[in-house]
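What the coordinates show
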Amino acid sequence: MRTSRFLLLFLCLSVLVGQDAWAHPPRTSVGIVFGPMWGPFWYPQPWPPYPPPVVVAPPPPPVYIEQAPAANQADAVWYFCRSAGAYYPAVGTCAEDWLPVLPEAAK
């Protein structure tokens, strides 16, 4: 009877000591196992994994798209100066407001 109480007390103490009650449990454990071992109850908690490394990549280079010149030049506007009697590229300044004129088709 005394042996069975001692064995029961030893079994209860070994179960209590075997649990992870510390914030950082030791990496090794020593004990006697009767029967199979399974589940996380018998193993210490795994250490947390390292965070993934921080990868800093340079931004991609800017992409420039060359635009084709306007196909229809008929929509362009010419500017006429009445006092000089000429159009804008030929006359740099005008005493009055420039007069927008639609260009005529070349004949």
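The coordinates are above.
This report concerns the structure included in the present document.

Calculation notes
Residues numbered from 1 in each chain as written. Predicted model: local features only at pLDDT ≥ 70, side-chain atom pairs only at ≥ 80, totals over all residues. Heavy atoms only, no water. Helix = DSSP H or I, 4+ residues; strand = E, 2+ residues; numbered from the N terminus. Buried < 20%, exposed > 50% of the residue type's maximum accessible area, 1.4 Å probe, protein only. Contact = heavy atoms within 4.5 Å. Areas by Shrake-Rupley, 256 points an atom, 1.4 Å probe, with all protein chains shown as cover. Phe/Tyr/Trp six-rings, centres within 6.5 Å; stacked < 30°, edge-to-face > 60°. Pairing = 2+ DSSP bridges. Disulfide = S-S within 2.5 Å. Patch = residues over 30% accessible without salt bridge, like charges linked within 9 Å, V, L, I, M, F, W, Y side chains within 5 Å. Salt bridge = Lys/Arg side-chain N within 4 Å of Asp/Glu carboxyl O.

**Remarks on the overall build of the protein chain**
Counting secondary structure elements, the protein chain contains 1 helix and 3 strands. Residues classed as buried in the protein chain amount to 6% of the 107 residues present. In the protein chain, 21% of the contacts between residues at least 6 apart in sequence involve partners at least 24 apart. Surface exposure of the protein chain reaches about 10900 Å², of which carbon and sulfur atoms provide 66%.

**With respect to the packing of aromatic side chains**
This model, assessed by the stated rule, comprises 3 aromatic pairs. Relative to tyrosine 87, the ring of tryptophan 78 lies with its centre 5.4 Å away and its plane at 75 degrees, an arrangement referred to as edge-to-face. The class of tryptophan 78 is partly exposed, set by a relative accessible area of 41%. Of the aromatic side chains, those joined through ring pairs into one cluster are Trp78, Phe80 and Tyr87.

**Re the sheet that holds strand β1 (residues 78–81)**
Strand order in the open sheet formed by 3 strands is β2-β1-β3, and the pairing between neighbours is antiparallel. Of all the strands in the sheet, the pair left with one neighbour each is β2 (86–87) and β3 (99–101). As paired elements, β1 and β2 share 2 bridges and run antiparallel to each other. The residue bridging phenylalanine 80 from the neighbouring strand is tyrosine 87, located in β2.

**Here's the deal with the state of the cysteines**
A full pass over the atoms with the stated rule returns 1 disulfide. Here cysteine 81 engages in a disulfide with cysteine 94; their sulfurs sit 2.0 Å apart. Note on the cysteine 81 and cysteine 94 pair: the S-S dihedral is about 80 degrees, so by sign convention the disulfide is right-handed. Of this pair, cysteine 81 sits in strand β1 while cysteine 94 sits in the loop between β2 and β3, and the two are 13 residues apart along the sequence. No difference in accessibility class separates cysteine 81 from cysteine 94, as the two residues are buried.

**Observations regarding a nonpolar patch on the surface**
A cluster of nonpolar side chains, namely Val77, Tyr79, Tyr88 and Leu102, defines an oily patch on the protein surface of about 410 Å² accessible area. In this fold, valine 77 is placed in the loop between α1 (2–18) and β1. Overall, valine 77 belongs to the partly exposed group, its relative accessible area being 38%.

By themselves, these are just geometric observations and shouldn't be taken as functional.
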